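What follows is the residue order along each chain.
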Amino acid sequence: MQNKIISVTINYCITTMAVPKQKHTKSRRNKRRMHLFAKAPTLTLCPKCKKPVLPHTVCWNCGYYKGVEVIDVLKKLTKKERKKREKEMKPKEKGEDKAKPLTMEELSKK
Ligand SMILES: [Zn+2]
């Protein structure tokens, strides 16, 4: 008796497998898959620390946006980490001072 019930339920399960009612078009399939091909975000360089940053966002390395300090990056760091970070940022600032604006002759050469 029980074997009969089991066999009937197995048969029922096999016959009532989910089957798609209609074919999905290529367009619909491709629309579903378009999210699978994720692209790398376009990055710009931070004008202050020269690190790659998302455009129109605050730089998380130095906390600057459009030349204004928005986030105090050094605030949450410990004393040791702060010293290290300040050392990293200093030589790049000196490098910026050395770079002189191009004269008209140099511009014409380029
Ligand atoms: Zn920066």
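Cut-off values and rules
Residues numbered from 1 in each chain as written. Predicted model: local features only at pLDDT ≥ 70, side-chain atom pairs only at ≥ 80, totals over all residues. Helix = DSSP H or I, 4+ residues; strand = E, 2+ residues; numbered from the N terminus. Buried ≥ 20, exposed ≤ 12 C-beta atoms within 10 Å, placed from the backbone. Contact = placed C-beta atoms within 7 Å.

A separate point is the overall build of the protein. Assigned secondary structure in the protein consists of 4 helices and 4 strands. Taken across its 110 residues, the protein has 3% of its residues classed as buried. When contacts within the protein are restricted to residue pairs at least 6 apart in sequence, those whose partners lie at least 24 apart make up 10%.

Our focus in this paragraph is unusual backbone geometry. Here His-56, not a glycine, exhibits a phi torsion of approximately 60°, which is positive. One non-glycine residue, Lys-66, lies in the positive phi region at around 55°. Along the chain, Lys-66 turns up in the loop between β3 (64–65) and β4 (68–69).

As for its position among the elements, Cys-62 is in the loop between β2 (52–53) and β3. Judged by the 23 C-beta atoms lying within 10 Å of it, Cys-62 falls in the buried class. Here the alpha-carbon distance between Cys-62 and Lys-50, two residues 12 residues apart in the chain, equals 9.8 Å. When near neighbours in sequence (up to four residues on either side) are disregarded, Cys-62 contacts Cys-46, Lys-48, Cys-49, Val-73 and Met-89.

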